[in-house]
Amino acid sequence: MRERAEMEDSIDSALAWRGEASGRLSVLQRNELLEMAEEVASVGHWMVDLENGSLFWSDEVYRIHGVDPQQYAPDVESAIDFYHPEDATRVAGLLDKAISDRQPYNFELRLVRSDGELRLVRARARVRVDDNDVVVAVFGTFQDVTEQHRNETFRRDLLAWSTSEGLSVGEKLSGLLLLGRRYVGADVAFVEAENAGERRLAFAEDDRGVLTTGRSLVGAPLVPISGTRPEPLLDLADYLGRANAWLGGNDEPLRSGLGLTLRVNEKPYGSVWFASRDAIPERMNKAETGLLAELAQVISYELGARERTSELVDTARAFRQKQRELDLILDTVPTRIWYKDNNNRILMLNAEAARSMGMSREEAEGANSAELFPKMAEKYLADDRAVIASGKPRYGIIERYAPRDGEEGWVSTDKIPFVDTQTGQPRILAVATDITHMMAVQKSLEQQTEALQRSNRDL
């Protein structure tokens, strides 16, 4: 963004220079310089000459408006008419105020192109005065920031979904697939799992609600996809054939799409697909590619959490009957597991949970969380009792982990209510995954987003 701001300042300086009587470069050289700057920064320029009322647009400004320089001659009134009706009055007011107050302006408003497409544009303006201190021109830069705003919104929504609490894995995946589907303009999004040559529709989200998860088809080998980078695929017959079969032979079949590979718990899982009945752009820029790669990573994480939680719940149901076997299994799992009563007393825990508290299992079992987690015990107890009262599991609780004698950090906790079959007393199974590193990455991402937004506001 700093380079872009510097480029815009260079354009502004060149514009101011453009009208000066004396110059060291020819008109042709100056125009070539400006065209080169526009191409690099994707920023057009314009100027209103107040002495004769004319309006000049550079080629980039024509392109943003969707008009042909040979067929349209801009003037101030018709240029303002390109803005959304709710924004046009503000544009006229800003121009008048710049002339009367001799102050620059900077705005982001909606513009309606000649083909009817709505775009978000950023305009910056300054005034120029003559030797008598009279304002003789208003000039500035013009930029289409629609995609930039779209990418910022996608990153913000992705962060919100990845850190949301109280949702099941299925609810999260549905939201993530919808987010990706809308981002690329697809009609269908689905996660396809592969096992021993069989493809299973694991999760799906489509615009007509006809896809049902769990369907399976056996087909040809997977179309190769390089790494985890999203690649527009030219030969989609295999994938789209299965997707159309899942759709039930719809009269409007899917015709294009793109796929991303998924790795769950460090193992190949399958792929996530976004497919459309129309054309999806064959090329995506670096920013779009990176954002979709982030989406695939979040989907992979949620699928892994689903697998881990499912396995742990199944194991917990056989807790009483296979105590020794369960201890052995739980002690090999890197996830932290506690089995507690409704008064925050730890009845059992696995080795990883004890290690994270700086204690042995013998020291921790029977102790109250108020002693072991003095900073967080009250919240833990409130969450436990809320889950017990509802009778429903609560997944993905993002919370601080602050044991008295262990290292502090962040965990994602699933809490599952149980009833002791012997005593009839309520119990809670807490399964926590260390996400300290992921939270640090997310904080860094937020800081980068905030810095980007500040830079945009300063442009």
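As a convention, each chain's residues are numbered from 1 in the sequence order in which they are written. With pLDDT at 70 or above as the cut-off, local features in this predicted model cover only qualifying residues; side-chain atom pairs require 80 or more to be listed or tallied, and sums for whole chains, interfaces and linings still use all residues. The side-chain figures draw on all heavy atoms in the structure; neither hydrogens nor water molecules are used.

1. Points about the confidence of the model for the protein
Alright, step 1. Here the protein shows a mean pLDDT of 78. Residues at 70 or above account for 73%.
Alright, step 2. Segment residues 17–25: pLDDT under 50, and 14 contacts once partners within four positions in sequence are set aside and those in other chains are kept.
Alright, step 3. You can read pLDDT as the predictor saying how much it trusts each residue, on a scale of 0 to 100. A contact between two residues is defined here by any heavy atoms of the two lying within 4.5 Å. Low pLDDT (under 50) marks residues 214–237, which in the prediction has 68 contacts with non-local residues, meaning those over four places away or in another chain.

2. Description of the environment of leucine 94
Alright, step 1. Take leucine 94: it is sitting in helix H5 (residues 85–101).
Alright, step 2. For leucine 94 and alanine 125, which are 31 residues apart along the polypeptide, the C-alpha to C-alpha distance reads 9.5 Å. Under the scheme used here, helices are H or I runs from DSSP no shorter than 4 residues and strands are E runs no shorter than 2 residues, and both carry numbers assigned from the N terminus.

3. Details of the layout of surface pockets
Alright, step 1. Cavity and pocket criteria rest on a 1 Å grid covering protein atoms alone: a 1.4 Å probe that fits but cannot get out defines a cavity, protein on both sides within 12 Å along at least 5 of 7 lines defines an open pocket, and an atom within 4 Å of a point defines a lining residue. Grid points are joined across faces, edges and corners, and a volume is the space filled by probe spheres set on the points. By volume, the largest pocket is sized at about 910 Å³.
Alright, step 2. Every residue lining the largest pocket is counted, 35 residues in all, and those nearest its centre are Glu294, Gln297, Val298, Tyr301 and Met438.
Alright, step 3. Those elements giving two or more residues to the lining of the largest pocket turn out to be helix H6 (146–163), strand S10 (256–264), helix H9 (286–317), strand S16 (426–434) and helix H15 (436–458).
Alright, step 4. Among the elements that take part in the lining of the largest pocket, H9 stands out by supplying ten residues, more than any other.
Alright, step 5. Three categories are distinguished: nonpolar for Ala, Val, Leu, Ile, Met, Phe, Trp, Tyr, Cys and Pro, charged for Asp, Glu, Lys and Arg, and polar for the others, with Gly belonging to the last. Taken together, the residues that form the lining of the largest pocket break down as 13 nonpolar, 13 polar and nine charged.

4. With respect to the pairing of strand S2 (residues 54–57)
Each regular strand displays side chains that alternate between the two surfaces of the sheet.
Alright, step 1. Where burial is concerned, the two faces of S2 differ: the one with Leu55 and Trp57 is buried and the one with Ser54 and Phe56 is not.
Alright, step 2. Note on pairing: DSSP must find at least two bridges between two strands before they are called paired. Here four bridges tie strand S1 (residues 44–49) to S2, and the two strands are oriented antiparallel to one another. Of the residues in S2, the one forming a bridge with tryptophan 46 is tryptophan 57.
Alright, step 3. Joining the antiparallel neighbours S1 and S2 is a turn of four residues, in which glycine 53 adopts a positive phi near 75°. The buried label applies to any residue whose accessible area, calculated with a 1.4 Å probe on protein chains only, is under 20% of its type's maximum; exposed applies above 50%, and partly exposed to all values in between.

5. Looking at unusual backbone geometry
Alright, step 1. One non-glycine residue, arginine 102, lies in positive phi territory at about 60°.
Alright, step 2. Mapped onto the elements, arginine 102 comes out in the loop between H5 and strand S3 (105–112).
Alright, step 3. Given the relative accessible area of 34%, arginine 102 is considered partly exposed.
Alright, step 4. Phi is positive for aspartate 133, close to 65°, though the residue is something other than glycine.
Alright, step 5. Residue placement: aspartate 133 occurs in the loop between strand S4 (118–129) and strand S5 (135–144).

6. Notes on the pattern of salt bridges
Alright, step 1. What makes a salt bridge here is a side-chain nitrogen of Lys or Arg within 4 Å of a carboxyl oxygen of Asp or Glu, nothing more. Inspection of every chain in the model, using the stated rule, returns 28 salt bridges.
Alright, step 2. The salt bridge partner of arginine 119 is glutamate 147, with a shortest N-O separation of 3.7 Å. One end of the pair, arginine 119, is in strand S4; the other, glutamate 147, is in helix H6, with 28 residues separating them in the sequence.
Alright, step 3. Its relative accessible area of 30% is what places glutamate 147 among the partly exposed residues.
Alright, step 4. Salt-bridge contacts for arginine 150 lead to glutamate 147; the nearest nitrogen and oxygen are separated by 2.7 Å. Taken as a pair, arginine 150 and glutamate 147 lie in helix H6 at a separation of three residues, close to a single helical turn.

7. Things to note about the packing of aromatic side chains
Alright, step 1. Classification of ring pairs rests on two measures: the distance between centres of Phe, Tyr or Trp rings, Trp counted by its six-membered ring, which must be within 6.5 Å, and the angle between planes, read as stacked under 30 degrees, edge-to-face over 60 and tilted in between. Per the stated rule, a full pass over the model turns up ten aromatic pairs.
Alright, step 2. Between tryptophan 338 and tyrosine 401, the aromatic rings sit 6.1 Å apart at their centres with planes inclined by 45°, giving tilted as the arrangement. Taken as a pair, tryptophan 338 in strand S12 (residues 336–341) and tyrosine 401 in strand S14 (residues 394–401) lie far apart in primary sequence, 63 residues in all. Of the two residues examined, tryptophan 338 and tyrosine 401, each falls in the buried class.
Alright, step 3. Cluster of aromatic residues (ring-pair linked, three or more members): Trp57, Tyr62, Tyr72 and Phe82.
Alright, step 4. Here the basic side chain of arginine 150 rests over the ring of tyrosine 183, its NZ or CZ set 3.9 Å away from the ring centre.
Alright, step 5. Over the aromatic face of tyrosine 401 sits the side chain of arginine 336, whose NZ or CZ is 4.5 Å from the ring centroid. A positively charged side chain is recorded as over a ring if its NZ (Lys) or CZ (Arg) lies within 6 Å of the ring centre. The angle to the ring normal must also be within 35 degrees.

8. Side note on the sheet that holds strand S13 (residues 346–349)
Alright, step 1. The strand order across the open sheet built from five strands is S13-S12-S16-S15-S14, with neighbouring strands paired in antiparallel fashion. The open sheet is flanked by S13 and S14, the only strands paired with a single partner. Ignoring which end each strand starts from, the neighbouring axes of this sheet average 30° apart.
Alright, step 2. Examined bridge by bridge, S12 and S16 share six bridges and lie antiparallel to one another. Bridging across to S16, aspartate 341 finds its partner in arginine 427. Angular values range over 0 to 180 degrees, each being the angle between N-to-C directions of two axes fitted as lines to C-alpha atoms, with helices fitted over their stretch in contact.

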